[in-house]
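Architecture and fold: a report
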2 protein chains.
Amino acid sequence: MRDAYVVGAGQTDFGSFPDESYRSLFATAVEHALGSADGLTREDVDEAVVGTLGVGGRQLGLSGPAVTEHAGLSVPTTRVENACAASGYAVRNAVQAVKSGMADVVLAGGYEVMTDASGDATKYWLGVSGETEWERLTGATFAGTYAQMARAYLDEHDDATVEDLSRVAVKNHANGSQNPHAQLQFGCSLEDATEAATVADPLTLYHCCPTTDGAAAVLVASEDVVAESELDAARIAGVGAASDRVGLFERDTYTAIPASERAAEAAYEMAGVGPDDVDFAEVHDCFAIAELLAYEDLGFCGRGEAPELLREGVTDRDGDLPVNVSGGLKSKGHPIGATGAGQIVELWTQLTGRAGDRQLDDPDVGLAHNVGGSGGAAVVTILAAPRSEGQR
Amino acid sequence: MRDAYVVGAGQTDFGSFPDESYRSLFATAVEHALGSADGLTREDVDEAVVGTLGVGGRQLGLSGPAVTEHAGLSVPTTRVENACAASGYAVRNAVQAVKSGMADVVLAGGYEVMTDASGDATKYWLGVSGETEWERLTGATFAGTYAQMARAYLDEHDDATVEDLSRVAVKNHANGSQNPHAQLQFGCSLEDATEAATVADPLTLYHCCPTTDGAAAVLVASEDVVAESELDAARIAGVGAASDRVGLFERDTYTAIPASERAAEAAYEMAGVGPDDVDFAEVHDCFAIAELLAYEDLGFCGRGEAPELLREGVTDRDGDLPVNVSGGLKSKGHPIGATGAGQIVELWTQLTGRAGDRQLDDPDVGLAHNVGGSGGAAVVTILAAPRSEGQR
C-alpha cells in the first residue's frame, strides 16, 4: 500500500483563551498547517478527521463538521473520541484513509476548550474518559489513578524516588520555556517540584499537567501527492494502536501501560525500526509517572531503569534521546483532543528543521506516544525526516 | 487498492431495555455478528471502530475500549461520533482500514442507550448533535428543525400533502411489523398517522421515529480473507461521505440535504453504479420528511417526485425499489449510534438471503443512507450481493 506523509502541521498557542471558541482555535490551527504546506490549499483537502473529548461547555453541536465548516473546509469530517488519545487516533485514521487510496490529502487534528469549566466540572468531565463505575464513582480522579501507579512504581523499584518524578517536571519545564506555543513558559527546580502542594500522594502540583485550551492540525498526504510537489514531507513510517481494560484495577500491572507497549510494538514493526533508532520522542506525560512508564513501555530502557535515564540526562534536550523537547503535556499544556496531533506537529517541525531555538541537531526519526484515559487506549506514531529519506 | 467486504453482521433487538447497558447490548451485537460469519472468531479481528453519540447517563468511561473489552475483544478501538451518522462513518473507517492494508478484519458497530433519560434530558442531549447557538439555544428541537424542512417542502411542491408524510409511516410500520428486531412491530393506517398528535407542525407523532436502545455490528474483511474462506461476503462497492453547514439556516435549501447528495455521488462513483442499479435501500427516516428528501437526494426520483413514488408503491416491500424493508428508523427504531451499522446489517442480511419473512427477491445491490444532525454529515454505502458477484 502506498506511503503516507506529514506534509504540513500547525497549532495554536496552548493556554487559557476565554475569548476563543473551539471553532476559532481549530480554524487557526488549520490556517497554520496550510501555511506550512507550500502550495497546498483548502481545495486540496479530501477529508478531515478531528479529535476531541468534550461535549458540554462551549463545545456543542456535531462538532466535527462544525469546526471544519468554520475552518473553510467543505469535506467529509469524522470526529474521533478516544479520551486524551483522540487526535493521535485521528492521525492514524488519516493514514488509513490515505493508504486506502480513498483520499490523497487528509487533515487530521484536534481541539479542546477546557478552561471555561469550573474545577469540579473539569474533574467530572475528565472523569468520563476513565473507568466510571468503579473508579470515578468511588472518587478516584485522574490524578488519583496515576498516583496509584506512581506509588506502585516507587514500591516496586527501591531506588526510584519522588525526586525522579520531579526530574520529569524540571526537564519539561526547561524545554517548555523555550517553546513559544507552551502554556507554562517557565522553569522549575527539583526543590520547587518536590515540595509543591500535594495533589494526590505522591504526586505534587508540578507532577501534574495543566488544564488547557488549544488546537492542532496536520496534513497527511499520499506518496503520489508528495512526488508531484516540493513539500517538506516526513514519512509516517509506522503507526500502532492498542486498547486495554479501561479500569486500572482490572489490569495485571500498575507499573506499566500494556496498551502503550502493544501500540509501540505495532508501530516499530510497521516502521521496521526499534527503540534504538528513535532520535527523539514526544511522550504522554499527563502526570510525571506517565513519562517514566513511557520510557519503559516504549523500550527506551528496561523495567525500573527510567529514573536512571532521567538522572543521567539521556532524555534532556541535549541528551542522546531528547524526550518532550516541546515541553510535553506538563509544560506545553494538555488540551485533551489537541494533544496527539500537537505531538505530531512537534515531530514534523523538528524533522523539517523548523523548530527555531529549540531545534534538535538533524534528527532522523521521531516518535509520538499518546495515551487515552489511564491506558485504556494508546497510539504510537513514528516519523522519518525528509533528509534521512533522501539519503536512503 | 484491495476490496473490502461485509462478511458478517448482527444486531440486538431495538427497543427499551432498562436491564441492559451499552456494554451488554454491544457485546450481544458482536456475538451475533461473529455467529453469522462462519469460521471467524474474536482472534481474527484486528481492530474495531465504534460509533455512539452519547456521553452521559449510562454511557461513560472511554466507551470505545469499554465496549470492546466487554465484548471480549482486545484490539485497537476507535470511537467515532458524528451524531446520528456515527456508525455509518464507523463502517466507512473500517473500509479504509481494510483497504489500507493495515487490517484484514475490522469490526465496525455502534450502540446507544437512550430510554433511561427523561424527555427533557433526551431533548437536551440529542440537541448537541445539531447546531447549538442558533438552533438549540433558541428552542429548535430536532423535530422542529425537520418540521421546517417539511413545511418548506409542502410549500414548494403544490401537490405534496401531509398524507404523503403519513405514507412513509404506513409503509415503514408495515415493514417493521415483519421484523422481529423492530421496536414498533405494529402497523398504522393513513388516518392514524395523519391525525395523531402534532409534535412540530406539520409533523405528527407518527412522522417521528421513537427513542431507542440498541446495538449493531458488522465485520468488514479484505478480499484476501474472503478468498481463503467460505464466508458469505457482500462487497462494499462504494462508500461516500460528506459534511455540510451544521445549521439548517446556513444552507441554501430546506428541501434537500446537500450532504446526502454529495455522499451519494461519491458512493455511486466509487461503485460505478447509479440510482437505477439500486435494488433496495435503507434510508435515514428519522422524520417522515427525511425519507422524501432521501429519495430525491439519492437520485431515486427528481425534485418534488418523492410523493409520487410513495403513492405508486414503488418503495413498498413489493415495489420496484423497496425502501426501509427493516422498518427504518421509524418502526425498527433509532438507537443513534447503532443506526448506521444497523442499516448495513439489514443490507447484508437481505443480500445473503437471511432475512426470513421479510426477505426480498434476490436483490443484487443495496444502499444505506445515514444522516448526522439535520444534515451536517451524511454517509452512503453500497453493497453488492455475493450471488451477483459470482455471476460477473
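Residues numbered from 1 in each chain as written. Chains lettered and ligands numbered in written order. Predicted model: local features only at pLDDT ≥ 70, side-chain atom pairs only at ≥ 80, totals over all residues.

1. Regarding the overall build of chain A
Summing up its helical and strand segments, chain A has 14 helices and 11 strands in all. Radius of gyration (C-alpha) of chain A: 19 Å, near the 21 Å computed for a compact globule of 392 residues. Taken along its principal axes, the extent of the C-alpha atoms in chain A is 55 × 45 × 35 Å. Put simply, 79% of the contacts in chain A that link residues at least 6 apart link residues at least 24 apart. (Helix = DSSP H or I, 4+ residues; strand = E, 2+ residues; numbered from the N terminus. Rg over C-alpha atoms; globule rule 2.2 N^0.38 Å. Contact = placed C-beta atoms within 7 Å.)

2. Details of helix 3 (residues 86-99) of chain B
All names here are of chain B. For helix 3, spanning 14 residues, the distance from its first C-alpha to its last is 20 Å, which sits close to the expected 20 Å at 1.5 Å a residue. A large share of helix 3 lies buried, amounting to 14 of its 14 residues. Two residues or fewer past helix 3, Gly 101 is found with a positive phi of approximately 85°. (Expected span 1.5 Å × (residues − 1). Buried ≥ 20, exposed ≤ 12 C-beta atoms within 10 Å, placed from the backbone.)

3. Points about the pairing of strand 7 (residues 214-222) of chain B
On a regular strand, one side chain projects to one face of the sheet and the next to the other, so that they alternate. Residues and elements named next belong to chain B. Of all nine residues that make up strand 7, nine are buried, and the element is covered over most of its length. Covered by surrounding structure in strand 7 are Gly 214, Ala 216, Val 218, Val 220 and Ser 222 together with Ala 215, Ala 217, Leu 219 and Ala 221, the residues of both alternating faces. The pairing of strand 1 (residues 4-11) with strand 7 spans seven bridges and is classified as antiparallel. Of the residues in strand 7, the one forming a bridge with Val 6 is Val 220. (Pairing = 2+ DSSP bridges.)

4. Looking at the pairing of strand 4 (residues 105-112) of chain A
Residues and elements named next belong to chain A. A large share of strand 4 lies buried, amounting to eight of its eight residues. What you see with strand 4 is no split at all: Val 105, Leu 107, Gly 109 and Tyr 111 on one side and Val 106, Ala 108, Gly 110 and Glu 112 on the other are buried throughout. Bridge count between strand 2 (residues 47-51) and strand 4: five bridges; the pairing is parallel. Bridging across to strand 4, Val 49 finds its partner in Ala 108.

5. Here's the deal with the interface of chain B and chain A
Facing 43 residues of chain B, the contacting portion of chain A comprises 43 residues. Elements with a contribution of two residues or more to the side of chain B that touches chain A: helix 2 (63-70), strand 3 (77-80), helix 3 and strand 8 (234-243) of chain B.

6. Overview of the relation of the copies chain B and chain A
The two copies are related by a screw operation: chain B maps onto chain A through 180° of rotation and 0.0 Å of translation along the axis, at an RMSD of 0.0 Å. Here the transformation between the copies is reduced to the relation of a two-fold axis. Across chain B, the rotation axis passes nearest the C-alpha of Ser 100 of chain B, at a separation of 1.9 Å. Comparing contact sets, 100% of the residues at the interface of chain B also lie at the interface in chain A, consistent with an isologous, same-surface contact. (Least-squares fit on C-alpha atoms with pLDDT ≥ 70 in both.)

7. Focus on the packing of helix 1 (residues 22-36) of chain A against helix 2 (residues 63-70) of chain A
All names here are of chain A. Where helix 1 meets helix 2, the axes come as close as 8 Å, and the angle between the chain directions of the two elements is 55°. With respect to helix 2, the axis of helix 1 lies oblique. Both helix 1 and helix 2 take part in a crossing whose hand is right-handed. Between helix 1 and helix 2, the contacting residues are Tyr 22, Arg 23, Phe 26 and Ala 27 on the first element and Ser 63, Ala 66, Val 67 and His 70 on the second. Residues that form the contact of helix 1 with helix 2 fall into these classes: five nonpolar, two polar and one charged. (Axes fitted to C-alpha atoms, helices over the stretch in contact; angles between N-to-C directions. Parallel < 35°, antiparallel > 145°, perpendicular 65-115°, else oblique. Left-handed = near helix turned anticlockwise from the far one by under 90°. Nonpolar A, V, L, I, M, F, W, Y, C, P; charged D, E, K, R; others polar.)

8. Thoughts on unusual backbone geometry
Across residues other than glycine, the phi torsion is negative in most instances, and most of the peptide bonds are trans. In this structure, Pro 202 of chain A follows Asp 201 of chain A across a cis peptide bond, with omega equal to 10°. If you trace the backbone, Pro 202 of chain A turns up in the loop between strand 5 (198-200) and strand 6 (203-204). The phi angle at Asn 324 of chain A is positive, at roughly 60°, despite the residue not being glycine. Here Asn 324 of chain A is to be found in the loop between helix 11 (306-311) and helix 12 (328-331). Of note, the phi angle at Ala 83 of chain B is positive, near 55°, even though the residue is not glycine. Assignment of secondary structure puts Ala 83 of chain B in the loop between strand 3 and helix 3.

9. Some points on the environment of Asp 297 of chain A
All names here are of chain A. If you trace the backbone, Asp 297 turns up in helix 10 (residues 288-297). Remark: the alpha-carbon pair of Asp 297 and Phe 142, spanning 155 residues in sequence, is separated by 20 Å. Setting aside residues up to four positions removed in sequence, Asp 297 forms contacts with Ala 256, Ile 257, Ser 260, Glu 261 and Ala 264.

10. A short note on the environment of Glu 133 of chain B
Note on placement: Glu 133 of chain B falls in the loop between helix 4 (119-127) and helix 5 (142-156). Between the alpha carbons of Glu 133 of chain B and Thr 78 of chain B there is a distance of 29 Å; along the sequence they are 55 residues apart.

11. Some words on helix 10 (residues 288-297) of chain B
Residues and elements named next belong to chain B. With 10 of 10 residues buried, helix 10 is to be regarded as a mostly interior element. Along helix 10, the residues classified as buried are Ala 288, Ile 289, Ala 290, Glu 291, Leu 292, Leu 293, Ala 294, Tyr 295, Glu 296 and Asp 297. Once helix 10 finishes, Gly 299 follows within two positions and takes phi at roughly 85°, a positive value.

12. Description of the environment of Pro 76 of chain B
Relative to the helices and strands, Pro 76 of chain B is located in the loop between helix 2 and strand 3. Between the C-alpha atoms of Pro 76 of chain B and Gly 15 of chain B, which are 61 residues apart in sequence, the distance is 29 Å. When residues no more than four places from it in sequence are discounted, the contact partners of Pro 76 of chain B are Ala 241, Ala 242 and Ser 243 of chain A together with Glu 47 of chain B.

13. What to know about the packing of helix 3 (residues 86-99) of chain A against helix 13 (residues 336-351) of chain A
Residue and element names in this part refer to chain A. At a minimum axis separation of 5 Å, helix 3 and helix 13 run at an interaxial angle of 50°. Considered as vectors, helix 3 and helix 13 are oriented oblique to each other. Contacts from Ala 86, Ser 87, Gly 88, Ala 90 and Val 91 in helix 3 reach Ile 336, Gly 337, Ala 338, Thr 339, Gly 340, Ala 341 and Ile 344 in helix 13. Taken together, the residues of the contact of helix 3 with helix 13 break down into seven nonpolar, five polar and no charged.

14. A short note on the confidence of the model for chain A
Summing up the model confidence of chain A, the mean pLDDT is 94 and the portion of residues at 70 or higher is 94%. Two numbers describe this predicted complex: its pTM, 0.95, and its ipTM, 0.93. (pLDDT = per-residue confidence, 0-100.)

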